[in-house]
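Residue strings, one per chain:
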Amino acid sequence: MLFPRFTLLAGALLLASVISQAAPSGTVFTANERGGSISAVHLADGATRTVALDIAPHNVQVTPDGQWLLAVGMSAHASHHAAAGDAGQLLVFDIADLERPAFVLPAGSHPAHVVSDAAGRLAFVSDSGANAVLVFDLASRARVGAIPTGRYPHGLRLSPDGKELYVANMKDDSVSVIDVAKQEETARIAVGRAPVQVGFAPDGKQVYVSLSAENKVGVIDRAQRRLTGKVAVGRLPVQLFATPDGRQLYVANQGTTESPDNRVSVIDPATRRLLATIPVGRGAHGVAMSQDGSYAFVSHLEDGTFSVIDTASRKVVATHPVGAGPNGISYSAR
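Residues numbered from 1 in each chain as written. Predicted model: local features only at pLDDT ≥ 70, side-chain atom pairs only at ≥ 80, totals over all residues. Heavy atoms only, no water.

A short note on the sheet that holds strand β14 (residues 164-169)
Rule in force here: At least two bridges found by DSSP between two strands is the condition for calling them paired. In this description a helix means any DSSP run of H or I spanning at least four residues, a strand means any run of E spanning at least two, and both kinds are numbered starting from the N terminus. As a rule, the C-alpha atoms of each element are fitted with a line to give its axis, helices using only the stretch in contact, and angles between N-to-C directions run from 0 to 180 degrees.
Pairing in this open sheet of four strands is antiparallel, and the strands run β13-β14-β15-β16 from one edge to the other. Edge strands, defined here as strands with exactly one partner in the open sheet, are β13 (153-158) and β16 (184-190). On average, adjacent strands in this sheet sit at an angle of 25° to one another, irrespective of strand direction. Relative to β16, strand β15 (residues 174-179) runs antiparallel, the two sharing six bridges. When the sheet's bridge partners are listed, Ser 176 is paired in β16 with Arg 188.

Here you go:
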């Protein structure tokens, strides 16, 4: 394996933006699939590190304890959505040292997204090629299970109570519900065309799912395990994330490569109405949120940047350059 190399972008390369208040603290990480790299941006001063990898990372995730940065992807010689052939990998970095992974694990034929449990002990990777969620024990550094899902599982998130994983099955028009303790699928919910990612309400009572082929967001009642409604958004919605108070849901609308969308839709989950449409960069894809909900972070696939959105004013307050083709995005308070 070729270990990553550092490139350091000076803070002066930060794209000019009008910032009406002090910069947020913490660090944003992006998976730059087209550039075969990950970027770490220190928000307070804009200092940026871009680390080249030997995979094309599609998704990154900081573990809840802040110890690890998880990255998944396929060989850098094949795009994420190309036909499976090269084995996928899960790269596990000490968040304080991105120079090289602490360890690397085989991650199936076509890894898409990764999340961890609340303790940061188990990692769950959706393997689109195998129609399964792979389970890894980070302490023993081993794969410990594989859970069958619907066809082409993609985005997945852990419920606030830590008991269930919801997984969007893109080619099955469904969402799989996985019992974390039992490590088995307990339900499969029909939701609509080409679901990409899911997101939970902070109280865990509702689950939101982006329906990319319908330009809508579906709303799932978790207790009833059924779809209860849909909300129209922009073109080809991808990732979505609710603020911690549950009053806003941020949805990134990617559009197509030929005709990228550059908008974030903000929904009021209580009324299921559109609150705002925020212009951002082209190909809006990933969404992450600061822990206090003051800021949302949205990656721009076509521009090689991400936006910082003030959730009170619903305006972009900064834009940061990263590597080429940023997809997944994650936030750490450190």
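Digging into the environment of Ala 130
Its place among the elements puts Ala 130 in the loop between β10 (122-127) and β11 (132-137). A C-alpha to C-alpha distance of 7.5 Å links Ala 130 and His 110, two positions 20 residues apart in sequence.

Brief notes about the side chain of Thr 305
As a reminder, the rule being used: Burial status follows relative accessibility: with a 1.4 Å probe on protein chains alone, a residue under 20% of its type maximum counts as buried, one over 50% as exposed, and anything between as partly exposed. In protein, a polar contact requires one atom able to donate a hydrogen and another able to accept it; more generally it is a pair of N or O atoms within 3.5 Å, and residues adjacent in sequence count only if both atoms are side-chain atoms.
Secondary-structure assignment places Thr 305 in strand β27 (residues 305-310). By relative accessible area, Thr 305 is classed as buried at 6%. A distance of 2.6 Å separates polar atoms of two side chains, one belonging to Thr 305 and the other to His 300.

Digging into the environment of Ser 299
We count it as follows: Here, residues are in contact when the closest pair of their heavy atoms is within 4.5 Å.
Note on placement: Ser 299 falls in strand β26 (residues 295-300). Dropping the residues within four chain positions of it, Ser 299 is found in contact with Gly 283, Ala 284, His 285, Gly 286, Thr 305, Phe 306, Pro 326, Asn 327 and Ile 329. One polar contact links the side chain of Ser 299 to the main-chain amide nitrogen of Gly 286, over a distance of 2.8 Å. Among the polar contacts listed, one links the side chain of Ser 299 to the backbone oxygen of Asn 327, at a separation of 2.7 Å.

What about the nonpolar core?
What counts, and what does not: Residues belong to a common nonpolar core when they are buried Ala, Val, Leu, Ile, Met, Phe, Trp, Tyr or Cys residues joined through side-chain atoms within 4.5 Å.
Among the nonpolar cores identified, the biggest contains 15 residues, and Phe 29, Ile 38, Leu 53, Val 60, Leu 69, Phe 93 and Leu 98 are the most heavily contacted of them. Secondary-structure elements contributing two or more residues to this core are β2 (27-32), β3 (37-42), β5 (55-62), β6 (68-75) and β7 (89-94). With three residues, the top contributor of residues to this core is β5.

A short note on unusual backbone geometry
With phi around 60°, Arg 141 is a residue other than glycine that occupies positive phi space. Topologically, Arg 141 is positioned in the loop between β11 and β12 (142-148). Taking relative accessible area as the criterion, Arg 141 reaches 44% and is therefore assigned partly exposed.

Some points on the packing of aromatic side chains
Our working rule: We call Phe, Tyr and Trp rings a pair once their centres come within 6.5 Å, taking the six-membered ring for Trp, and we label the pair stacked below 30 degrees between planes, edge-to-face above 60, and tilted otherwise.
Overall, the coordinates contain three aromatic pairs when judged by the stated rule. Seen in terms of ring centroids, Phe 297 and Tyr 331 are 5.2 Å apart; in terms of plane orientation they differ by 10°. Their pairing is stacked. Placement of Phe 297 in strand β26 and of Tyr 331 in strand β29 (residues 326-332) is noted, with a sequence separation of 34 residues between them. With respect to burial, Phe 297 and Tyr 331 carry one shared label: buried.

Section: the pairing of strand β9 (residues 111-116)
Most of β9 is tucked away, with six of its six residues classed as buried. Two elements, β9 and β10, share four bridges in a ladder whose sense is antiparallel. Of the residues in β10, the one forming a bridge with Val 115 is Phe 124. Joining the antiparallel neighbours β9 and β10 is a turn of five residues, in which Gly 120 adopts a positive phi near 70°.

Focus: the sheet that holds strand β25 (residues 284-289)
Overall, antiparallel pairing links the four strands, which are arranged β25-β26-β27-β28 in an open sheet. Each edge of the sheet is formed by a strand with only one pairing partner; in this case those strands are β25 and β28 (315-321). Taken pair by pair, the neighbouring strands of this sheet meet at an average axis angle of 25°, ignoring direction. Strand direction decides the pairing type here: β25 and β26, joined by four bridges, are antiparallel. Bridge pairing in β26 places Ala 288 opposite Phe 297.

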